[in-house]
Amino acid sequence: MSAFQRGDDNWYEHGFRFVLRGPGVAPLGKYVLGGAAKDDGWFFDVAVASEVIINIVPDPRHMAEAQAIMATVVAAGPPAAKARAVQPPLPARQRTGVRLATLAEARTVPFANAAARPLVAQPPPAAQPAPPPSGSQGNGS
Amino acid sequence: MRSHIGIGYWAAGQPAGDPWFINEVDAHPGVEDAWDKITAALAAVYAVIQTGFAGAPALAKPLMDIINGADYAVERHAEHFWGDDGWAGNMSDPVDAVDLWFRAWSEDDWNGRPGANVQTDLANPNFQDLGERFSARR
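For the structure given in this document, a descriptive report is provided here. (Residues numbered from 1 in each chain as written. Chains lettered and ligands numbered in written order. Predicted model: local features only at pLDDT ≥ 70, side-chain atom pairs only at ≥ 80, totals over all residues.)

### Some points on the interface of chain A and chain B
In this assembly, 57 residues from chain A lie in contact with 77 residues from chain B. Among the residues forming the side of chain A that touches chain B, the class breakdown is 30 nonpolar, 14 polar and 13 charged. In terms of strand pairing, strand β3 (residues 29–40) of chain A meets strand β5 (residues 109–110) of chain B through two bridges, oriented antiparallel. Residue pairing for β5 of chain B: Asp39 of chain A is matched across the bridge by Trp110 of chain B. (Contact = placed C-beta atoms within 7 Å. Nonpolar A, V, L, I, M, F, W, Y, C, P; charged D, E, K, R; others polar. Pairing = 2+ DSSP bridges. Helix = DSSP H or I, 4+ residues; strand = E, 2+ residues; numbered from the N terminus.)

What follows is the structure, encoded as structure tokens:
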């Protein structure tokens, strides 16, 4: 520890590093960094406490890419019978031109190619499995 | 008394982007938070990494011990997310590491010893302590 003054101010600093990629990567989870200081004023002592909750989470960009891959896979047209067999009825709010593919479907598409491919709307609803009765799921909002 | 938490990124062994600052405080007599609010905030922040609220006061104690007895005190807290593959929300490219620095500075001497620490309930946490510097009492 060394003396640390800048100008007329007394300073304190303490740092921490979280590695996000490569060796020594920080495991997923929550950390809390907290710091506090109190000065010795002529009339009043003033103090500060400061904290930040640090969340190391699965990369959300991969989630977005996975969503794009899934939508692309479905748009590319997996066999209707197979899709019907593996897909549960979609909630009312998801009955749009594009649905999410299953993880198994997503794995069939090369990652780089899928990311570069534009999203294409799925075929018309006529080609889709019959939707559940109106109002049976979701609120339609 | 002023304070902030500075955040800086590293990529390919070099600083990436500009550092930025959160929890900035400019505390003076008359600019303060109520003690019960500070206590509750510290307990709440620490409670997020604990299974229950009961243990939170004990975890907050190191910070409370430092600020206790002050005539005026201010508390700030924040929450941030980073991806495990280098994602940082305000950076266009992935980064390798993120540094966080708690800093405080005052024209007056320190009363007691400032401090900072990282706590987690992870079984095998992994972060680097970059060390601390503070001015000697004049």
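### A closer look at the pairing of strand β1 (residues 2–11) of chain B
Residue and element names in this part refer to chain B. Looking at chain direction, β1 and strand β2 (residues 14–26) are connected through eight bridges and run antiparallel. Following the sheet pairing, Gly6 is matched in β2 by Phe21. Linkage of β1 to β2, two consecutive antiparallel strands, is achieved through a turn of two residues, within which Ala12 is found at a positive phi near 50°.

### Examining the pairing of strand β4 (residues 97–106) of chain B
In the case of a regular strand, side chains alternate between the two sheet surfaces. By the criterion of burial, β4 of chain B is predominantly enclosed, with nine of the ten residues buried. Of the pairings in the sheet, the one linking strand β2 (residues 9–19) of chain A to β4 of chain B comprises ten bridges and is antiparallel in character. When the sheet's bridge partners are listed, Trp11 of chain A is paired in β4 of chain B with Trp105 of chain B. For β1 of chain B and β4 of chain B, the ladder comprises nine bridges, and the chain directions are antiparallel. For Ile5 of chain B, the partnering residue across the bridge sits in β4 of chain B and is Phe102 of chain B. (Buried ≥ 20, exposed ≤ 12 C-beta atoms within 10 Å, placed from the backbone.)

Scope: geometric values only; no functional claims are made or implied.
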